[in-house]
Structure formats: C-alpha cells, structure tokens
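Breakdown of the fold
In case you want the letters, here they are:
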Number of protein chains: 2
Amino acid sequence: MYTIGIDLGGTNIAAGLVDKSGQITHKASVPTHLERGPEPIIVDMAKLCRTLITQAGVSEDEVENVGIGIPGIANNDTGVVVFCTNLGWHHVPLREIFQRIFNKPLYMENDATVAGLAEAVAGISKDCKNSIFLTLGTGLGGGIVIDGKVYSGSHHVGSELGHMIVVVDGEQCTCGNKGCWERYASGTAIINNGRKAMAKHPESKIAKDADGDPEKVTARIVLDAAKAGDPAAVEVFREYVKYLTAGIVSLINVFDPEIISLGGGVSGAGEFLVKAVREELSKLIFYKDVTYARVEIASLGNDAGIIGAAMMGSRA
Amino acid sequence: MYTIGIDLGGTNIAAGLVDKSGQITHKASVPTHLERGPEPIIVDMAKLCRTLITQAGVSEDEVENVGIGIPGIANNDTGVVVFCTNLGWHHVPLREIFQRIFNKPLYMENDATVAGLAEAVAGISKDCKNSIFLTLGTGLGGGIVIDGKVYSGSHHVGSELGHMIVVVDGEQCTCGNKGCWERYASGTAIINNGRKAMAKHPESKIAKDADGDPEKVTARIVLDAAKAGDPAAVEVFREYVKYLTAGIVSLINVFDPEIISLGGGVSGAGEFLVKAVREELSKLIFYKDVTYARVEIASLGNDAGIIGAAMMGSRA
C-alpha cells in the first residue's frame, strides 16, 4: 500500500507516491498558475494523483489516502483551507472539490508542520519523542511534533513559530504585529540586512558578488561571503545568529524538545550556521547542567513536504 | 480512595487530602525552615501525610498516591529533584527519602505545571483539551496542558514560559539570559516600575499608599492605584499589560490553546487586568477571523498547587 503526498506551492504543485517506509517511489509536478483561483488548482492536484499512479503502474486501490501541505492554515476536521496569504485563498472547500475527482481520504495541514512530521518520522528527528522543525526561508515557519504526533493547536492555527515576539515594539511584521521572530531570523532578514551592509560597504564581497545591485542580493550571497570572512557579511551573519538563537532558546525553555532541526533556504549554510547557533546557545541556555535540545540541519530537504503530507493519514 | 497533594514552598509546606472529584477534604501545613536542608524537610512532608490521614480519619490503604509540586525542576522518572533555585536544592533524591517514611507511589513536578493541571481538571480550564496557566508572582511560571495531560518536555525542564525572550538584549534575567518575559511581566516587574514611578511622581497615589518608602511598594498597591486612576500607576499598568500581552500573543501563535488562565498574586487584580489584556490582545492577534484563546483569571487560587499535585498520579 501507498499514500500520496502533495506539496502545494505558489509556483509548483509537487506530488509523490510514498511507500510505508516513508520513501518517495515516484514524483510528478505541474505549475500552480495561481491566477486561476482555487478550483482549477485543486482539480489539477487531484489529476496529478492519477498521473502519478499511472506512471508508477499502481492501481487506485493501492493508494490508502492523500495528504496536502498547505502554505497557510487548513482545518483538517472540516476539510476547508481557512487562509493562505500567498495563494490569496480564504475558506476554500478543498476536500470536497478534490474528492470529486480523486475519491480518497484527504488530510491537510500547514506545510511547515508537515515537513516537521516528515523529519520526525523519516529524517533527522527520527526516534525523538518531541521535536521542532524550523523552515528559514522567505518567512519563518515551524512544525511541532509532540509525542510523535503533529501539534497544531486547538483551532489549527498554532505552530506559527515565526510570530513569537522577540522584540516588543520591534520591526513591523506582515501579521499586523511588531517584533515577530520572522522579521529577524528568516532568509528575508538576511537579504534586507545584506542590502544595508552593501550600501555601507561598497568594498564588501556582498557588493562584489551582487554587482552592487540591491536586487541581486540573496541570502546565499551574504552567507557565502560570511563564510569567506567578508567583514560586512560576518556582521550581518552574527546579528542573524543572535536573533535566530534567541528564538531557539525560547523554544527550548518552553518545549524542551530533544531536537530542533533547521530547514529552508538558509539551512543550506549547513555546519557553518549550526556551529554558530550551538556556540551562541551554550551561553544562553537556562539549565546548563541538564541535557538540552540538539540543533541540527534537517535531512530531507525539499522532499520533506511531500513525505510529511503523505504521512498525515497515520500521524495526524 | 484519596490522593494527597503537597505544595512545597519556601515558607510553608501545605498538604491536602483530595478526593476523586478533585476536592480538598482536609488540609494541613508546617513551616518549611529552609535552613535545615532537604532531608528533614522531606521527612516532614512524609509525616504531614500521616497527620493528614489521622486528622481525616482515613486509613493509609485509602491513599492511592502522593504528588509534590516543586518550586523548580523535578525528574519524575528518577524521583530526583534536579534543581530548585529558591530552596538551594541540587540533585536531591526526594522519592527515596520520602518513601522511607510514607511508602506510597510518589509523583513530582514543577509547581506551576501542577497548578496548570489542577485548573485543567477542576478549574477554569476544565473541558479544554489544550490550556496554558500563568502564575504572575515573584517570577512568571507556566503550566502547559496538552491533550489533557501535563507537558513538561523531554528532559523535564520545559514549560519555563517566563524565560521566553521578549526583548533581545533586554533586561538582565536571573537565568543568565537577557530580555526574558519574567523581567517585564511578573509581579516583581510591577514593583520595580512602581518604585521608579513613585520616585518620579511623589504626588502619586503609589507614593501616598507606600508612605513614600520604596520598600513598601507592592504589586497590589500599584494595581489598586491604577484601578483608582492614579496617572503614574496607570502608566506602569499599561506598560505591564503591553509586555504581558506580547508574551500571551506568542503563546497563542505557538500553542493555539483554548484558554490561557492567569494565577499568582498579580491575578488578584481580576477583571481589571483581564479586560486590559483582552483589549490589547484583540489588536495583536494574527488570525483575527479564527477563534483564539480566551484569557481568564484562574479559579482555584492557592489550592491549585495541592489539587494539581494530587492529580499527578492519574494525569502525568
């Protein structure tokens, strides 16, 4: 038996046929074309499931259920997508539309939550009872796994770890609040601070690698320049690590998990990032003589979204 | 059948015989006399259990188990108190010493966690699946109940909600870190800011009620003055509500519980406090069109420690 996991993104819809061990056996994808609105996109997701099983030479009976990772808030009880900022979706009856085309039990959850589940079952957080996954990209998303199960709160809107307040009266956030962790510890924060550093230091490696063009500054450019020892980039990186670690300390003091794993674009900096966070963390941790969470790079990369979605049926 | 709950404080040890419905039927207490060190205090806790059942006319066989709420970190697996700052205890084999005198199954947990459990089973958070309890006193403690059970993390050091960082590089905290929520949202924060306000405004009601003596400023004096409309006190209260609510917003964005209840000395301000928090919260909440946690005053008061400890055997 198999399950299908779907990772619904703003650009592409990726789907994978996943076996019982959590391995993807076949993959397929189609462009999202957001401008079409929800219904044709949902129909395409359902059709993609058919494409996938045809490609794999698997019968429909061999597919137990389907899970979808949503870039927003989904209510798995009602089958309705409550809210997806980036897709512009509000109260979309996802399950009902989907099952008209592909009639299998359908589970839905936030994409970061689903990726956290994947890491907990088949990735770096395997064998941990309590784990937290952070995706450091355009925003800062989180997935909480407690006692081996996804935790997303009483009204399906928990696990918004990027919206913990780390600086009261701090920078304005898109959520309407000020000082959210996401403003300081997402990939976007690195880009913004990299641009400022470039303006101040036209001699920096950041400026060289981005041709002096603010639009060309990426988190990757800043992180690579910091790795190479560029002083302007090192300064941006240190600030980033300080804020990232402050939020990690809060999560450890609140959840005391076995592991906090880092995914998303920024986690591409690998050991360079993790070592810096661990060093900062050792200074800030409360109970220094009690074992505390390991900080590690997540291991499943982009596949975590598909794998976690495919696991929703058994671990929701 | 009964269980016994013990609330171990720095000044007094309070114990209660608790029936199956979560009601305290008999209470007893003795002074802690901290200076004696752990062993005689633990012996006194065990003897207090005997006093209690004698007073109640209940046989030892009718007591199923005993729970102790600890002002620090306890490892319920090993039976060892890991760390209690205020008691000066480190690695104390509580269960072993206790059971020499009163040989019943013994459970142990952080006192705020235990109070949160009491509220979830028999208090304001009854019938909620996920709830958070905050004790606003000298420090800021927290109790997390997930799916009806106490959550205290993988190494028994979670639920330290007062040590979420709300101001990176903020005020120095006793935990070694800076900017912890406790620095801004505990009763101690009200006292400190009340003293500053009094120094600036000798004409204020705070100054009058504390006889102009900084040592006499209490959270109660400041809160009562704010209720009475004293401008200096209102300013302190507004700042307090801002920081308290910032942390509550973080907890809602992370846990999305049904309820956050407020206990501890500051919660004596009742509706005056809760109304101000709710008003601030309505501006800061992320998903405004989704139901979010109610903020309420906890209902069990000082008894929560005994009741929750007594419930540890069935809800740990």
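For the structure, check the block above.
Bear in mind that the values here come from a model prediction, so they are computed numbers and not experimental data.

Examining the overall build of chain A
A tally of helices and strands in chain A yields 10 helices and 13 strands. The C-alpha radius of gyration computed for chain A amounts to 20 Å, which stays within 12% of the reference 20 Å derived for 316 residues, consistent with globular compactness. Taking the principal axes of its C-alpha atoms as reference, chain A extends roughly 60 × 50 × 35 Å. In chain A, which comprises 316 residues, the proportion classed as buried is 59%.

Structural notes on helix 7 (residues 219-227) of chain A
Those residues of helix 7 of chain A that sit buried are A:Ala219, A:Ile221, A:Val222, A:Leu223, A:Ala225 and A:Ala226. Turning to helix 7 of chain A, the residues buried within the fold contact helix 5 (187-200), helix 6 (205-209), helix 8 (231-255) and helix 9 (271-284) of chain A.

Observations concerning the relation of the copies chain B and chain A
Its rotation angle being 180 degrees, the transformation that places chain B on chain A also includes 0.0 Å of axial translation and leaves an RMSD of 0.0 Å. Such a turn and shift between the copies fits a two-fold axis. A shared interface surface links the copies, since 100% of the contact residues of chain B are contact residues in chain A too.

Re the pairing of strand 6 (residues 80-84) of chain A
All names here are of chain A. A large share of strand 6 lies buried, amounting to 4 of its 5 residues. Across 3 bridges, strand 5 (residues 73-75) lies against strand 6 in antiparallel orientation. Bridging across to strand 6, Ala74 finds its partner in Val81. Taking the residues that link successive antiparallel strands as the turn, the strand 5-strand 6 hairpin has 4 residues, and the phi of Gly79 there is positive, at about 80 degrees.

A few points about the packing of helix 8 of chain A against helix 9 of chain A
Residues and elements named next belong to chain A. Relative to each other, helix 8 and helix 9 sit at 60 degrees, their axes nearing to 9 Å. When the interaxial angle is binned, helix 8 and helix 9 end up oblique. Relative to helix 9, the crossing made by helix 8 is right-handed. Of helix 9, the residues touching helix 8 (which contributes Phe237, Tyr240, Val241, Lys242, Leu244, Thr245, Ile248, Val249 and Ile252) are Phe272, Leu273, Ala276, Val277, Glu280, Leu281 and Leu284. Residues that form the contact of helix 8 with helix 9 fall into these classes: 13 nonpolar, 1 polar and 2 charged.

Calculation notes
Residues numbered from 1 in each chain as written. Chains lettered and ligands numbered in written order. Predicted model: local features only at pLDDT ≥ 70, side-chain atom pairs only at ≥ 80, totals over all residues. Heavy atoms only, no water. Helix = DSSP H or I, 4+ residues; strand = E, 2+ residues; numbered from the N terminus. Rg over C-alpha atoms; globule rule 2.2 N^0.38 Å. Buried < 20%, exposed > 50% of the residue type's maximum accessible area, 1.4 Å probe, protein only. Contact = heavy atoms within 4.5 Å. Least-squares fit on C-alpha atoms with pLDDT ≥ 70 in both. Pairing = 2+ DSSP bridges. Axes fitted to C-alpha atoms, helices over the stretch in contact; angles between N-to-C directions. Parallel < 35°, antiparallel > 145°, perpendicular 65-115°, else oblique. Left-handed = near helix turned anticlockwise from the far one by under 90°. Nonpolar A, V, L, I, M, F, W, Y, C, P; charged D, E, K, R; others polar.

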